[in-house]
Amino acid sequence: MNELTKRIVSCVLLLIIGLGCFFGISGWQSSPETHRTSIEYLNEKQATVMKLTAASTAASAAVSALPGDTGSAIAEKLADLTSDFLIVLCAIMLEKYLLTIIGYAVFRFILPAVCVLLIVRQFRSSAILAKLAFKLTLFGMAVWLAVPGGITVSRMIEATYETSLSQTIEDAQSAADDIGTSANSDADDENSGFWSGITSSVQNAVSGVTEKFEKLLSNVMEALAVLIVTSCVLPVLVLLFLLWIVKMLTGIDFNLPKRKSTE
């Protein structure tokens, strides 16, 4: 087989690979069914965030029902956590969409472009084209693996805290129900005119319920910290780690260009 024949065969193989990525694999990667397991995990995680948000909101409203300013600080803190849960929810939804979008972009545009560069190189000896194709391939693979890799690491970490997250949701709902029952009992005592009963109920609420909600606040904040780490921090760290590997292999600098000094 002479040199020209080898080049033609290489071009045909590269063309088949490029067309396969463009028309076949890109569509497969954009299908939610392809990422069904990851999407189911993200849906469960989203449901957990929604339950924690509802539980903390209900707990905040319940603490606010305590007489005086006994639980006002706890109620305000529980209410403030709602915005943090919203950030986690947005991160989870973004991961869900990136699962299909990034895979589609890599196999629809980046890898076919690599094949085109390699085809051109068959008829034009250029080290630059080979390096560019190699760098694009590694960059595309790094970006493609970032989200699934982040989800895999997140599942490993959350498996340790799965029981505590479920327990925190149950405790929040239970504590809110207890406060509601206590508030109704206080109202009945007040309507009946039994001052001693009211005083005793208030003292029990101050000593028992406040302590319960302090513990609940601590548990909710711990659950929120776990969700922030697994939903926001870990995916970014995985992406940075993969880009660092690409940089070590190819020498690509992903840092933003520095502004020149005017002095």
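Everything in this summary refers to the structure shown in the same document.

Definitions and limits used
- Residues numbered from 1 in each chain as written.
- Predicted model: local features only at pLDDT ≥ 70, side-chain atom pairs only at ≥ 80, totals over all residues.
- Heavy atoms only, no water.
- Helix = DSSP H or I, 4+ residues; strand = E, 2+ residues; numbered from the N terminus.
- Buried < 20%, exposed > 50% of the residue type's maximum accessible area, 1.4 Å probe, protein only.
- Contact = heavy atoms within 4.5 Å.
- Areas by Shrake-Rupley, 256 points an atom, 1.4 Å probe, with all protein chains shown as cover.
- Polar contact = N/O pair within 3.5 Å; in protein donor to acceptor, adjacent residues only side chain to side chain.

In terms of regular secondary structure, the protein chain is built from five helices and zero strands. Counting helices and strands in the order they occur from the N terminus, the protein chain gives α-α-α-α-α. Evaluated residue by residue, the protein chain yields a buried proportion of 34% over its 263 residues. Sequence separation of at least 24 residues holds for 84% of the intrachain contacts in the protein chain that already meet a minimum separation of 6. For the protein chain, the exposed area adds up to about 15,700 Å²; of that, 64% sits on carbon and sulfur atoms.

Once that is clear, we can look at the side chain of T100. Along the chain, the position of T100 falls in helix α3 (residues 72–123). Here the side chain of T100 touches Y97 through a polar contact of 3.1 Å, landing on its backbone oxygen. Residues contacting T100, with those up to four places away along its chain left out, are Q29, S30, S31, P32 and H35.

Moving on to the side chain of Q29. Counting through the fold element by element, Q29 comes out in helix α1 (residues 3–30). With residues near it in sequence (within four places) discarded, Q29 still touches T34, H35, L99, T100, G103, Y104, F107 and W144.

Functional significance is not addressed by these values, which are geometric in nature.
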